[in-house]
Each structure stands twice: as structure tokens, then as C-alpha cells.
Amino acid sequence: MNRSVFRFARYFSTKKVPKSVTVNGQTYATDSWTNVPASIVALTDRQLHLDQNHPIGILRSLIENSFKGMGYTFYNNFKPVVTTFENFDVLGFPEDHPGRSKSDTYYINEKTLLRTHTSAHEHECFQKCSTPGYFISADVYRRDEIDRTHYPAFHQMEGARIWSRSELGDSLHEKLRQDIASIPKVDIIVEDPNPAFSDATNPKQSYMTDVETELVSQHLKRTLELLVNQVFNEAKKSAKLAGSEEPYLNEPLRVRWIEAYFPWTAPSYEIEVWWKGEWLEVCGCGVVREQVLTNSGIENTIGWAFGVGLDRIAMLLFGIPDIRLFWTLDERFSSQFTRGSITTFKPYSKYPGTTRDVSFWLPDTDKLPLHENDLMEIVRDTAGDLVESVKLVDQFVHPKTGRKSQCYRINYQSMDRSLTNDEINVYQEKVRDILRSTYEIELR
Ligand code: PHE
């Protein structure tokens, strides 16, 4: 057990982990791995991607509609509890991959967790899908920092497509070329400086030929360029409708391809979109590794997969300033959106935020330190969605004692009402109490 696991186990031991946890009506036994708080379990029933009148659901339909009739099955009903086998092992995550740690992932117990990505369903979909490709949309969960664009639950859409060498025989290349040609052309500027694969930085798999790798990666890239074009042109339209006159709205869309690494694809890429003066990471993808296909009972087959995050794109599309808004039950939010239409969010409140700092001396390094995600979790668990952000604002080492001091600034802000100082003081005191009683830090 590594140190961060031990540390987090301490926080949960002070919270008295229940004997069992019930998620989506299923009850699971807990163990020393359990770290999923009730506030997160409560989100697993929301299924925002299935709500046709919610920005996440509207975005999902927009993308699905651009790919109807092109050979894809759409899966939208997978439940978020998966096994470590599905989420990690079958995809070839090494044992020591940080994604497996308790500081990054919500465990129900040692072998069961809340999926951290939609790739957890690739195995099942490759097994059961009867069309050449599929899309999966779902809620995913990661322990993370707290700010306007990070929330421990978000949404992804996975896509995949395969070609069977046994079925296509000699016509495999021709079929791939036809399929590439049949993808609607889009008017965007594409920067793709690297070759499709390179031994040194982005190797291909030995079971595939150079031409196969080249063609599969072209199909993947043209497919994602189509997706990005559809979505970001909608985002531009909605920004213009809302009255924005920024010059980039009238320029053609610019995207770039960069090399990436994922344990279950090779070669791997990321696509980024030039948006408001910076490169925005949109999507990771690559040529599926043979072992993922053969583990699913698919032999002699080649293909690609991608995974795109929906929340940040929906924030751009609908002009939503804070990711927490997706989860609010406030009518003033939900009443603004309707199926099939992209409209700009009109803020219904600007209640001021109030900040409180928490400063402490960290223990000597050979004692138990505090992982930033543990702090985030404690704050979120105490004050829920009233926390707008938590930021490290100061850090220094005492010149004489060598001890390290940190100061985090917590911004408390409700989206729906004003908070009183008394109320915030109670939360702040509770955060300090938990820190004091759980970690060997010295509050200042
Ligand atoms: N699951 C990856 C992520 O969450 C994205 C991905 C999907 C990459 C499929 C490659 C293939 O970042």
C-alpha cells in the first residue's frame, strides 16, 4: 500500500466507512479501499446526459445526430460502477499507474470503482456491438482539484470503429479508402506536423502494416475533425447570437494534431482546437491495441477509439461560467434549455463569494504528508457545491527549521442564494477540525 493510500484511509477511518455502499440500487460490501463519499454516490442517479433538455444531453444528441446512418450503435445506459478489470486491467494500465491510486479514483471496494472514463466499456462494446462502430456516453468520476472547470463528476463520449481483415480480405485497403472518402468534408485549417506513427515517439503495433496504420489513423482523424467542426461551429453561432463580435468568430476553425500516449492505443493522438486565443485540449484517441480486441473475442481486426469530454465543450456552447451549474436543481437553470437548441445561459444570480484561508505547517517529509486531492475532498465533503474553488495561494520553507508552510484559499459561493458569514465560519471550522484530527499538520 503506498503512502497516499494509507493517508486517505486515515481520513476515511475517521469518517467510519459504512459496511456497505448502495449505488444505482445495487449494494456493495466496503473494505479498506472504500473512499467514495455519499455526496458523490448521490450524483450517480442524475444521468444528465440522458436529459434531452439539459446542456449535456443536448450536446450528446447534437454529436450523435452528426453520425447517424454512418454505421455506429449509440450506447447511453451503462451504469457508472465498473470493475478494476474493465477500467484498467483489460486496457493494459500498468500496476503502478497513478490513475489506479486512491488519491485519484473513487473506489467502492478493492475490485469495484466509479469508472474514471468511458473506455471502461470498450471491452463490453467490442464484444456485443453488431455495427462496425459505436459511441458510448456516460458520467465519469475522478478525484480532482476544485475550480470553475473541474468537478469530480463529468461526462465523456467514447467512439470506436473496427475493420475485420478476415471478412474484407484483399479489399481491406479499398474499403478503408472508401470509408475515409465517405466522411463529409469540412472547411477547417488542420495542422498535423507529425507522421501517423514514428518508432521513436509514437510507435505503431507490429501486428499492423504501415498502410493499415496510416489508413486507420486517417479515418480516425477525419472523423474527429467532422465532430469538432460540427460542435465548434455551433459554439460560434451561439456566441454570435448572444451578441459577441470577437474576430475569431468569423475565422475558419483551426485544429492541430499532437502525439499522445494511452496504454490501450498505439499510435495515439490528441486533437486541440484554437479557441479564444489558446489551444484547447478536446479529445484523446488512437489505434486500438490488438490485445483489447482479442480480449473481447475479436481476432484479426484493426480499428480506432477516441474519448471526448463533454462538460467543457458544453460550457463553451451554452456560455456556462461554472461547471457546478450543470448539477444544480434550480429551476432558473433548467428552464433555460430545450431539446435540440443551443442557447446562451443568462446568469440568474451573482451572489458574491467569500474567501477564507487555511494555513498550516506540513509535517517533516518522513511523516504523513497531505495530498492536495485529500484537502479538496475534505472541503467538498464539508461544504458541498458551496465551494467555488480551492487554490494554493502561498507556500514557503522556513529558513531555520526547514519546515514547509502552505496556505490554501477557499472561495465559498452559492449559485442560488447569499451565504452568511456565520454559516461559512461553521464550514471553515469543520474543515480545520478534520485537518487537525486527521493529519500531522500544524494549523496556523
Ligand atoms: N479515456 C481517455 C481519457 O479519458 C481518452 C481515450 C479514449 C484515449 C479512447 C484513447 C482512446 O483521457
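Residues numbered from 1 in each chain as written. Predicted model: local features only at pLDDT ≥ 70, side-chain atom pairs only at ≥ 80, totals over all residues. Heavy atoms only, no water.

Caption draft 1: Fine view of the layout of surface pockets. Computed from the structure, the largest pocket encloses a volume of approximately 1,200 Å³. Surrounding the largest pocket, 45 residues form its lining, Arg142, Phe154, Gln156, Glu281 and Gly309 being those nearest its centre. Elements represented by at least two residues in the lining of the largest pocket include exactly strand 8 (153-164), strand 10 (254-262), strand 11 (265-275), strand 12 (278-288), strand 13 (301-309) and helix 10 (311-318). No other element matches the 7 residues that strand 12 contributes to the lining of the largest pocket. Of the residues belonging to the lining of the largest pocket, the class tally is 20 nonpolar, 15 polar and 10 charged. Considering only enclosed or pocket space, the second largest pocket measures out at about 420 Å³ in volume. As for the second largest pocket, its lining consists of 20 residues, and the residues nearest its centre are Trp275, Lys276, Met315, Leu316 and Gly319. Those elements that provide at least two residues to the lining of the second largest pocket are helix 8 (210-241), strand 12 and helix 10. (1 Å grid on protein atoms, 1.4 Å probe; cavity = no way out; pocket = protein on both sides within 12 Å on 5 of 7 lines; lining within 4 Å. Points joined across faces, edges and corners; volume = space filled by probe spheres on them. Helix = DSSP H or I, 4+ residues; strand = E, 2+ residues; numbered from the N terminus. Nonpolar A, V, L, I, M, F, W, Y, C, P; charged D, E, K, R; others polar.)

Caption draft 2: Inspection of the side chain of His121 at higher detail. For His121, the location among the structural elements is in the loop between strand 6 (112-114) and helix 5 (122-128). Note on His121: relative accessible area 3%, which makes it buried. Excluding its chain neighbours within four sequence positions, the residues that come into contact with His121 are Phe78, Lys79, Val82, Arg115 and Ile136. (Buried < 20%, exposed > 50% of the residue type's maximum accessible area, 1.4 Å probe, protein only. Contact = heavy atoms within 4.5 Å.)

Caption draft 3: Representation of the sheet that holds strand 9 (residues 189-191) within the structure. Strand order across the open sheet formed by 8 strands is 3-7-8-13-12-11-10-9, with mixed pairing between neighbours. The strands lining the two open edges of the sheet, one partner per strand, are strand 3 (72-75) and strand 9. Across the sheet, the axes of successive neighbouring strands diverge by a mean angle of 25 degrees, strand direction being ignored. Across the sheet, helix 3 (residues 55-66) touches strand 3, strand 7 (133-141) and strand 8, and the angle it forms with strand 8 is around 15 degrees. Sheet contacts for helix 7 (residues 172-181): strand 8 and strand 13; angle to strand 8, the most-contacted strand, approximately 140 degrees. (Pairing = 2+ DSSP bridges. Axes fitted to C-alpha atoms, helices over the stretch in contact; angles between N-to-C directions.)

Caption draft 4: Representation of the site of the ligand within the structure. Inspection of the region around the ligand gives 14 residues, with His117, Ser119, Arg142, Gln156 and Gly307 positioned closest. Within the contact set of the ligand, a nitrogen atom lies 3.0 Å away from a side-chain nitrogen or oxygen of His117. Within the side chain of Gln156, one N or O atom sits 3.0 Å away from an oxygen atom of the ligand. Calculation on the ligand without its partners gives an accessible area of 330 Å², and the protein chains cover 89% of this total. Of all the elements in the fold, those that place two or more residues in the shell around the ligand are strand 8, strand 12 and strand 13. Top contributing element to the shell around the ligand by residue count: strand 13, with 3 residues. (Near = heavy atom within 4 Å. Polar contact = N/O pair within 3.5 Å; in protein donor to acceptor, adjacent residues only side chain to side chain. Areas by Shrake-Rupley, 256 points an atom, 1.4 Å probe, with all protein chains shown as cover.)

Caption draft 5: Local environment of the pattern of salt bridges. The tally for this structure, following the rule as stated, stands at 23 salt bridges. A salt bridge links Asp89 to Arg100; the shortest N-O distance between them is 2.9 Å. Of this pair, Asp89 sits in the loop between helix 4 (84-87) and strand 5 (107-109) while Arg100 sits in the loop between helix 4 and strand 5, placing them 11 residues apart in sequence. When its relative accessible area of 11% is taken as the criterion, Arg100 is described as buried. Between Arg143 and Asp374 there is a salt bridge, with its nearest N and O atoms 3.4 Å apart. Of this pair, Arg143 sits in the loop between strand 7 and strand 8 while Asp374 sits in helix 12 (residues 372-383), placing them 231 residues apart in sequence. Take Asp374: its relative accessible area is 0%, and that puts it in the buried class. (Salt bridge = Lys/Arg side-chain N within 4 Å of Asp/Glu carboxyl O.)

Caption draft 6: Structural view of empty space enclosed by the protein. As enumerated under the stated definition, the model contains 1 cavity of 30 Å³ or more in all. Approximately 50 Å³ is the volume attributed to the largest cavity. Around the largest cavity sit Tyr106, Arg143, Asp144, Pro152, Asn373, Met376, Glu377 and Arg380, which together line it. Residue composition of the lining of the largest cavity, by class: 3 nonpolar, 1 polar and 4 charged. Both domains that furnish three or more residues to the lining of the largest cavity are identified here as domain 1 (20-335) and domain 2 (354-443). (Domains from an automatic or database assignment.)

Caption draft 7: Focus on the UniProt feature "domain: Aminoacyl-transfer RNA synthetases class-II family profile" (unreviewed entry) in the protein. Taking the UniProt record as the reference, the feature "domain: Aminoacyl-transfer RNA synthetases class-II family profile" (unreviewed entry) is found at residues 138-347. End C-alpha to end C-alpha, residues 138-347 measures 27 Å, and it is 30% helix and 28% strand. (UniProt positions renumbered as here; feature names shortened; annotations may be inferred.)

Caption draft 8: Geometry of the packing of helix 12 against helix 13 (residues 421-438). At a closest axis distance of 10 Å, the pairing of helix 12 and helix 13 adopts a crossing angle of 140 degrees. Regarding the angle of helix 12 to helix 13, the classification is oblique. The way helix 12 lies across helix 13 gives a crossing that is right-handed. Where helix 12 approaches helix 13, its residues Leu375, Ile378, Val379, Thr382 and Ala383 are matched on the opposing element by Tyr427, Lys430, Val431, Ile434 and Leu435. Here the residues of the contact of helix 12 with helix 13 are counted per class, giving 8 nonpolar, 1 polar and 1 charged. (Parallel < 35°, antiparallel > 145°, perpendicular 65-115°, else oblique. Left-handed = near helix turned anticlockwise from the far one by under 90°.)

Caption draft 9: Region of the structure containing helix 8. Taking 1.5 Å of rise per residue, 32 residues should cover 46 Å, and helix 8 covers 46 Å from first to last C-alpha, within 8% of that figure. One or two positions beyond helix 8, positive phi appears at Gly243, with a value near 100 degrees. (Expected span 1.5 Å × (residues − 1).)

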